[in-house]
Amino acid sequence: MQTVLSMRNICKSYYIGTGELKVLKNVNLSIEKGDFLSILGPSGSGKSTLMNIIGCLDTPTSGEYILSGRNILNMDEFELALVRNREIGFIFQNFCILPRLTALQNVELPLIYSGMPFSERKIKAMEILERVGLSDKMHNLPNQLSGGQQQRVAIARAMITNPSVLLADEPTGALDQKTGDQIVSLFEQLNRDGITIVMITHDCNIAVRARRIIHILDGIVSEQELKPFVS
Ligand SMILES: Nc1ncnc2c1ncn2[C@@H]1O[C@H](COP(=O)(O)OP(=O)(O)O)[C@@H](O)[C@H]1O
Ligand SMILES: [Mg+2]
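About the criteria used
- Residues numbered from 1 in each chain as written.
- Chains lettered and ligands numbered in written order.
- Predicted model: local features only at pLDDT ≥ 70, side-chain atom pairs only at ≥ 80, totals over all residues.
- Heavy atoms only, no water.
- Near = heavy atom within 4 Å.
- Polar contact = N/O pair within 3.5 Å; in protein donor to acceptor, adjacent residues only side chain to side chain.
- Areas by Shrake-Rupley, 256 points an atom, 1.4 Å probe, with all protein chains shown as cover.
- Helix = DSSP H or I, 4+ residues; strand = E, 2+ residues; numbered from the N terminus.
- Core = buried A, V, L, I, M, F, W, Y, C linked by side-chain atoms within 4.5 Å.
- Buried < 20%, exposed > 50% of the residue type's maximum accessible area, 1.4 Å probe, protein only.
- Contact = heavy atoms within 4.5 Å.
- Pairing = 2+ DSSP bridges.
- Axes fitted to C-alpha atoms, helices over the stretch in contact; angles between N-to-C directions.
- Phe/Tyr/Trp six-rings, centres within 6.5 Å; stacked < 30°, edge-to-face > 60°.

Visitor: It is not clear to me how the site of ligand 1 should be interpreted in this structure. Could you clarify?
Guide: For ligand 1, the full set of nearby residues is Y14, I16, L21, V23, P42, S43, G44, S45, G46, K47, S48 and T49. Between an oxygen atom of ligand 1 and a main-chain N or O atom of G44, the distance comes to 2.7 Å. One of the backbone nitrogen or oxygen atoms of S45 is found 3.2 Å away from an oxygen atom of ligand 1. About the coverage of ligand 1: the protein hides 59% of its 570 Å² of free accessible area. Residue assignment for the shell around ligand 1 shows that the elements contributing at least two residues are β1 (3–16), β2 (19–32) and α1 (47–54).

Quick look at the structure:
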């Protein structure tokens, strides 16, 4: 098995006024290539704080974090940004796609920054849009798409650079239950094709669709294996 990331004794505190708020307490976590795990916990338990560290948007106060064989500690902002762009595909609750660009243009965008030629970019974006079931909507603007379709665009955009892990923070939070279920079904399908997925949620019914659940409560994690993982 190939380890995508591992955390040892990760702690994160916020310093507010005179006091220290300990948000993550000795988190140990290891994720293998092809894994699908959910991070489940109530509001305020530290999910977003953990996601920010996994996604290199923030650094821990102490502990060790290895992502794709590289030690994240001691990296400066610039190095962190590089690692983040290369290794992580972000998916957010509110889709965060650009309103004036079509589905196809939104999905292509990360490749423009990587300098890929136009025709190659377009073919790749069309392929990914097909994988998420949106071939017939690629020229639509976001306001001509349903919420579920917009989230599919966001998922395609997150995947197009072949990141090591898709990191989704409450990806169904802005969707009705049926549409949310369809998005999780898409994650299941992508995971069967080998994509590594971390899904953060406060919703038990969503969390159980992963292979593993990491429960987080008051900054302390514990693990539950649901479906045996064979890589
Ligand atoms: N930047 C910050 N500064 C101070 N406290 C914060 C900050 N971000 C989060 N917190 C606090 O850390 C705790 C965990 O927050 P968060 O990780 O956002 O939880 P969740 O995503 O599970 O709702 C909360 O008590 C929150 O108020
Ligand atoms: Mg949160």
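Visitor: How do you make sense of the nonpolar core when you look at a structure like this?
Guide: Where a protein is soluble and globular, its nonpolar side chains tend to be buried together. I91, V107, L129, V132, V153, I155 and F187 are the most contacted members of the largest nonpolar core, which has 35 residues in total. Looking at this core, the elements that each hand over two or more residues are α3 (103–113), α4 (118–131), α5 (147–159), β7 (165–169), α6 (177–192) and β8 (197–201). With 6 residues, the top contributor of residues to this core is α5. Leave out the neighbours within four places in its chain, and L129 touches A103, L104, V107, L134, S135, M138 and A156.

Visitor: How do you make sense of the sheet that holds strand β3 (residues 36–40) when you look at a structure like this?
Guide: Strands in a sheet are paired, the pairing made by backbone hydrogen bonds, and the direction either parallel or antiparallel. Within the open sheet, the 6 strands sit side by side as β6-β7-β8-β3-β9-β10. Their pairing is mixed. Two strands in the sheet have a free side with no partner beyond their single neighbour: β6 (88–91) and β10 (220–225). Between one strand axis and the next, the sheet turns through 20 degrees on average, direction left out of account. Alignment of strand β9 (residues 212–217) against β10, held across 6 bridges, turns out to be antiparallel. Along β10, the bridge assignment pairs I216 with V221.

Visitor: What am I meant to see in the packing of aromatic side chains here?
Guide: Enumeration according to the criterion identifies 1 aromatic pair in this entry. Measuring from ring centre to ring centre gives 5.9 Å for F90 and F92, while their planes differ by 5 degrees; the resulting arrangement is stacked. Overall, the relative accessible area of 31% leaves F92 in the partly exposed class.

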